[in-house]
Amino acid sequence: MTRIKRDSIAYLFVIGFSIFMLVWAIPNYTPDYPGYGASAALVPVVAVSVMLLMAVISLITIGIAVYTNKPLPVEESEFPEDLEDESGFTQVGRVKLYHLASIMIPGVLLVVVIEYIGYELASFAFLMLLQYAIGSRKWVQSTILSIVLTAVLYIVMRYGFGVPVPGPQVFS
Amino acid sequence: MEMIFAGLLDSISPASLMFVFIGVAVGVLIGAIPGINGPMAIALFIPVTYYMSPLTAIGFLVGLNKGAFFGGAVSAVLLRTPGTPEAAATAWDGYPLTQQGKGEKALRMALYSSVAGDFISTVVLILIAAPLAAVALFMGPAEIFALISLALTVIAGIGTSSILRGLVAAGFGILIGLIGTEPVTALPRLTFDVYQLGSGLSLIPVAIGLLAFSEILLQLEKITGKGGAERAATEFSSKLEDRLLPFKEFFASIKTLLRGSLIGIGVGAMPGLGAPVASFMSYDQAMKRSPHKEEFGKGRLEGIAASESANSSVVAASLIPLFVLGIPGNLAAAMLMGAFMIHGMQPGPLLFKENAQLMYGIYGSLLLASLFLLVVGRFGLRYFCKAVNIPSMILYPIVVFTCVMGAYLGKSSMFDVGVMLTFGFIGYFMRKFDYSYVAFLIGFILAPEWERSLQQVVIISEYDTFMFFQRPVAMVLMALTLFVVVRTFWNSIIAGRKKRLDAAAAAGVHKGD
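Residues numbered from 1 in each chain as written. Chains lettered and ligands numbered in written order. Predicted model: local features only at pLDDT ≥ 70, side-chain atom pairs only at ≥ 80, totals over all residues.

(A) Focus on the overall build of chain A. Of regular secondary structure, chain A possesses 5 helices and 2 strands. Every one of the 172 residues in chain A was classed for burial, and the buried ones make up 27%. Across chain A, every contact between residues at least 6 apart in sequence was considered, and the portion connecting residues at least 24 apart equals 54%. (Helix = DSSP H or I, 4+ residues; strand = E, 2+ residues; numbered from the N terminus. Buried ≥ 20, exposed ≤ 12 C-beta atoms within 10 Å, placed from the backbone. Contact = placed C-beta atoms within 7 Å.)

Here is the structure:
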């Protein structure tokens, strides 16, 4: 997929999201006008309209360039590999869904199961899964790191800040 | 005068001294690790500051940021991998020196230049912020609304190659910042009947997700299956002349250092530019004005002085717009603004009026942080160099778990962990698709204030849409906003046309081949 195609998909997503917000979400989830001041919907509508307008302009610009067959800048017509701009701020590259899922799924599982099995077990399992996902196959090192990290943060939260650790307590 | 002494005395209380020192040390350590920068460190550590007094908390975070700015130079010099974006120019001359066995000398130059730049900038901040804030006190809601509009427009260009995508990101940030209780009706808005959203989204999980977690997702992509990062050359030459930096050698770069500091102050005081710009600009000026241009990029100490003095002087200078106008000039300032708000204060001119003692205490902490940076850097340099060699298989699980528990710590709520993961996911796509997460975050932070000032304008003016024309400052600021938008669009059209012409010329050459 070229960067042009990828940008177009992103702009279409922004347009779809903006229309969804303008047509359904803002009218249904904004308080009615109280009779003074500006409407509660004004600023959300302005923000979404800016998003919509910018995405439409961008899409039209791409459309004109493609329709008139203007030569596109070299880096935009090539497949985008992992790049970093001069400031090091923005990284542009291929979306690696498998990698993304391998990190996100343990995170989501942690949020869900911590309420049932407690902080200690959930955190240990999360850290083991995470290390496996990023390619660690040293089981002893992974186990020690998971236990130490879980214990250290337990001590910091419970005794350092006096914050209750999430979920039922297994070892309390 | 009494306030000044009381504030300065607060800053030298044992707790304050200790946390500023810890902040600097942790900052240098974190900044030395490639890929972890100052704003990210602030996002990770803000939850910890919940349990500190406001002065200690801000002192700790400022120390963290100052330390991280210098820490970025460590991996830049030793690995040619800048720990922070602003240290990129430091790598150009620092790494060749490391290859010659003079890594320690290069790092000493980076340290002294950072401390000097930072100190000069802090003094300028102290001298000008309060008088400017006194002038800014005359600004009403119309001016504040116009000023935030201008700031959002300027900031939309940061961190993306397209102003259009920057504005989309800023708009999205504003939209997310408006979730919660609406200020006029006090009723929930855009909460989708999720009761946890009633009080809005907290800055901490959003910032940790966008700044830290999404960055880690990207970095893990690069290292997964590759066995970790390149090892740094932390073995230095044992010859004294390769290790130490004599005063004469340091003094030879003094002009460059002062110029770099002034560039850093100028750039830092203007919202939207940031430390990388200052660093590159200063390096460019140093090279142009040097009689030894050909030595730049091959291990010239002057190059390091130029880059480090400029990027470090941005830290304190970026607090000028924050303290004077309540507008964060860059990401680190935005995170500090969030920290102020968490501790019940609204950055801006009123801060000097309502919390004068605290402000002078913060000034004291800023100066102390410069001193501690010198001490920590001078005596801990060799130990911090080891941080760049922490195996990624150990480092990243620690950072990810810190993100998770940092998000939880704010409200002791797993819902916030879910928010952090969601914004980590969104941040990943924003970075991949070149949408500015900086513009998003600043839009998110400024949205409530922007709306509040708009509501005040509407109510005060009794729906008079021409109110802006009766307020000259607001009118000028709105005109500037319009100018920035038009100029940016025009520049992007010209740049696009130039790119297409270049592409056409390149295609012509290829056909000719």
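(B) Highlighting the overall build of chain B. A tally of helices and strands in chain B yields 22 helices and 2 strands. Dimensions along the principal axes, computed over C-alpha positions, put chain B at roughly 75 × 75 × 45 Å. The buried share of chain B, taken over its 513 residues, is 62%. For chain B, the share of sequence-separated contacts (at least 6 apart) that also reach a separation of at least 24 residues comes to 79%.

(C) Spotlight on the interface of chain A and chain B. Contact with chain A, which involves 61 residues of that partner, is made by 63 residues of chain B. Where the side of chain A that touches chain B is concerned, the elements lending two or more residues are helix 1 (3–28), helix 2 (42–67), strand 2 (91–92), helix 4 (97–133) and helix 5 (139–161) of chain A. Sorting elements by how many residues they give to the side of chain A that touches chain B places helix 4 of chain A first, with 13 residues. Per-class residue counts for the side of chain A that touches chain B are 43 nonpolar, 13 polar and 5 charged. (Nonpolar A, V, L, I, M, F, W, Y, C, P; charged D, E, K, R; others polar.)

(D) Structural view of the nonpolar core. B:Ile208 and B:Leu441 are the most contacted members of the largest nonpolar core, which has 219 residues in total. A per-element tally of this core places helix 4 (residues 54–79) of chain B first, with 16 residues. Here this core spans two domains, since at least three of its residues come from each of domain 1 (3–92) and domain 2 (97–161) of chain A. Setting aside its immediate chain neighbours within four residues, B:Leu441 contacts B:Gly173, B:Ala207, B:Leu210, B:Leu331 and B:Ala334. (Core = buried A, V, L, I, M, F, W, Y, C linked by C-beta atoms within 7 Å. Domains from an automatic or database assignment.)

(E) The packing of helix 4 of chain A against helix 19 (residues 392–411) of chain B, seen in detail. Look at helix 4 of chain A against helix 19 of chain B: their axes get within 9 Å of each other, and the N-to-C directions meet at 160°. It follows that helix 4 of chain A is roughly antiparallel to helix 19 of chain B by the angle criterion. Relative to helix 19 of chain B, helix 4 of chain A is oriented so that their crossing is right-handed. Contacts between helix 4 of chain A and helix 19 of chain B involve A:Gly107, A:Leu110, A:Leu127, A:Leu130 and A:Gln131 from the former and B:Met393, B:Pro397, B:Val400, B:Phe401 and B:Val404 from the latter. When its residues are assigned to classes, the contact of helix 4 of chain A with helix 19 of chain B shows 8 nonpolar, 2 polar and no charged. (Axes fitted to C-alpha atoms, helices over the stretch in contact; angles between N-to-C directions. Parallel < 35°, antiparallel > 145°, perpendicular 65-115°, else oblique. Left-handed = near helix turned anticlockwise from the far one by under 90°.)

(F) A look at helix 4 of chain B. Residue and element names in this part refer to chain B. In this model, helix 4 (26 residues) spans 37 Å end to end at C-alpha, consistent with the 38 Å of a helix rising 1.5 Å per residue. Of all 26 residues that make up helix 4, 25 are buried, and the element is covered over most of its length. Directly beyond the C-terminal end of helix 4, a positive phi value near 60° is found at Arg80. (Expected span 1.5 Å × (residues − 1).)

(G) Examining the packing of helix 3 (residues 38–49) of chain B against helix 4 of chain B more closely. Residue and element names in this part refer to chain B. With their axes 9 Å apart at the nearest point, helix 3 and helix 4 run at an angle of 155° to one another. It follows from the interaxial angle that helix 3 and helix 4 lie roughly antiparallel. The handedness of the crossing between helix 3 and helix 4 is right-handed. Residue-level contacts link Gly38, Ala41, Ile42, Phe45 and Thr49 of helix 3 to Ala57, Phe60, Leu61, Leu64, Asn65, Ala68 and Phe69 of helix 4. Within the contact of helix 3 with helix 4, the residues separate by chemical class into 9 nonpolar, 3 polar and no charged.

(H) Layout of the confidence of the model for chain B. All names here are of chain B. For chain B, the average pLDDT comes to 85, and 93% of its residues sit at 70 or higher. Confidence, expressed as mean pLDDT per element, reaches its minimum in chain B at helix 10 (residues 240–243) with 72 and its maximum at strand 2 (residues 188–189) with 94. Here the predicted complex carries an ipTM of 0.88, next to a pTM of 0.85. (pLDDT = per-residue confidence, 0-100.)

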